[in-house]
Amino acid sequence: MTVPDAIFDRIRRSEAIVEDFAALTACGGRLVGSDGEKAAARLLEARLAAIPGAAVSAHEFAYPRWTSLGRAFARISPGPERALRCHPLVGSDGTPGIAGEVVDLGRGAADDFARLAGRVAGNFAMVRHEYPFSRDTIHRRVKYRLALEGGAAGLIVANPMPEAGLVTGGAGQGIEPNIPAIGVDNATAREIAGARVRLAVDNRRDRDTARNLIAEIPGRNPEWVVLCAHYDGHDLADSALDNATGVAAVLEIMRRFAPHVATMPRGLRAILFTAEETGLLGSQLYVDSLEESERRAIGIAINLDTLAGSPGFTCLTSGFAALDGFVASAAAARGLDIATWRPLLQNSDHFNFAERGIPALRLIAGFNDPDAGARYLLTEADTAGLVGADALRRGAEVAAALVRAALASPAPIAEHTAR
């Protein structure tokens, strides 16, 4: 038995996926621990519970919560003092008030920090936000550590796109000591380069609990296909591309495949992770909680993260050579063109499965395409209006092709590895 081709026609016409996406983005940015994230968890748990035959549970975990309580940022010279907008980066330190020169390091590569080392110490290092899915992207956490090691008083991440507003992202999680870090928009970056500024940031650190949501339908054999996406986001905009698109696709696929899974060689386990934006913590703790036998029972983990914004789709296959062939075969069966990129990248929840030797991939729209909608991730522009209904359905259709192939394959998809 297999999932019938008619399922794909239903996905292409689906209104439910549009409704799911709208309801999730209406919760706001969904930073873990926020009211929006908790509302999203309640919404999604109800959606999963409504899928016939699905057993729904939650993996609850404790985590270190970071909350922004307020900020004040101003250019103090040259000219009259002027208040400016900024956005504290998740995990970074607070300060009652520090002042210093803004040293513009351009992109913020190691060579840039080395060239201006004498000016960075005691001042603010300003670097540029980057399109996150290029093969040579320098992650903001790398720039944060370079600023910290260079003795900077704080880090400023500037948005290079004039139309995209403020920028956010994680910065200081798990890094001690810590310095304040903020994101600013393009106009502010141009205004403060070389100027003196003052920053006050009030943050709170405490403990909280969060929930990964799980729904599963067994197949004929004890092996599972894990289909996952993260439902948390940042406290800025709607976290629409990243990752309401992936969550809506998981719900759509689970709903459409539910009547057929029991006849398939593998079962289907949907997991909606939280705390992805804070160091992939939710998926890390979930995979760590599994016994080795439970990890071995996962035939493949298919992670959906950012499924709109470009007609081009890529599977990041995490170093598993056999997954390149699996993707090619699944794509050919549906007449699709899905590229692959083999190096293991620590940019979404597939990483934690792969790190434990479980075959895992991430499906993404717009990889290595700086003009893709993914350029708006972690900015004020990541709103629901970026994503049309047809793009949502297309992302789900491509993902469904991978899931169907994984459920139906009688042979191992890829060998587990020792890592």
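Residues numbered from 1 in each chain as written. Predicted model: local features only at pLDDT ≥ 70, side-chain atom pairs only at ≥ 80, totals over all residues. Heavy atoms only, no water.

Visitor: Explain the state of the cysteines here, please?
Guide: Applying the stated criterion across every chain, the model contains zero disulfides. You can see Cys 228 has no disulfide; the closest cysteine sulfur is in Cys 315, sitting 12 Å from it. By relative accessible area, which is 0% here, Cys 228 ends up buried. (Disulfide = S-S within 2.5 Å. Buried < 20%, exposed > 50% of the residue type's maximum accessible area, 1.4 Å probe, protein only.)

Visitor: Explanation requested: the environment of Ala 189 in the structure shown.
Guide: Assignment of secondary structure puts Ala 189 in helix α7 (residues 186-192). Between the C-alpha atoms of Ala 189 and Arg 75, which are 114 residues apart in sequence, the distance is 11 Å. Among residues more than four places away in sequence, those in contact with Ala 189 are Met 126, Ala 158 and Val 184. (Helix = DSSP H or I, 4+ residues; strand = E, 2+ residues; numbered from the N terminus. Contact = heavy atoms within 4.5 Å.)

Visitor: How do you make sense of the layout of surface pockets when you look at a structure like this?
Guide: One simple way to see leftover space: roll a probe sized like a water molecule over the atoms. In this structure, the largest pocket occupies an estimated 1100 Å³ of space. Every residue lining the largest pocket is counted, 47 residues in all, and those nearest its centre are His 139, Arg 140, Arg 141, Glu 277 and Gly 279. Breaking the lining of the largest pocket down by element, the ones donating at least two residues are β1 (55-77), α6 (140-149) and β8 (196-217). A class-by-class count of the residues in the lining of the largest pocket yields 18 nonpolar, 15 polar and 14 charged. (1 Å grid on protein atoms, 1.4 Å probe; cavity = no way out; pocket = protein on both sides within 12 Å on 5 of 7 lines; lining within 4 Å. Points joined across faces, edges and corners; volume = space filled by probe spheres on them. Nonpolar A, V, L, I, M, F, W, Y, C, P; charged D, E, K, R; others polar.)

Visitor: Whenever I open this one, the pairing of β8 confuses me. Can you help?
Guide: The side chains of a regular strand alternate between the sheet's two faces. Across 21 bridges, the pairing between β1 and β8 is antiparallel. When the bridges of β8 are listed, Thr 67 appears paired with Arg 204. As paired elements, β8 and strand β10 (residues 267-273) share five bridges and run antiparallel to each other. Considered in β10, the bridge of Ile 214 is made with Ile 271. (Pairing = 2+ DSSP bridges.)

Visitor: Please clarify how the packing of helix α1 (residues 6-13) against helix α8 (residues 240-257) should be interpreted in this entry.
Guide: Between two packed helices, what matters for the description is the angle formed by their axes and the separation of those axes. Axis separation between α1 and α8 bottoms out at 11 Å; the angle between their running directions is 140°. Between α1 and α8, the angle is such that the two are oblique. Of the two possible hands of crossing, α1 and α8 adopt the one that is right-handed. Counted together, Ile 7, Arg 10 and Ile 11 of α1 and Glu 252, Arg 256 and Phe 257 of α8 form the full contact between these two elements. Residue composition of the contact of α1 with α8, by class: three nonpolar, no polar and three charged. (Axes fitted to C-alpha atoms, helices over the stretch in contact; angles between N-to-C directions. Parallel < 35°, antiparallel > 145°, perpendicular 65-115°, else oblique. Left-handed = near helix turned anticlockwise from the far one by under 90°.)

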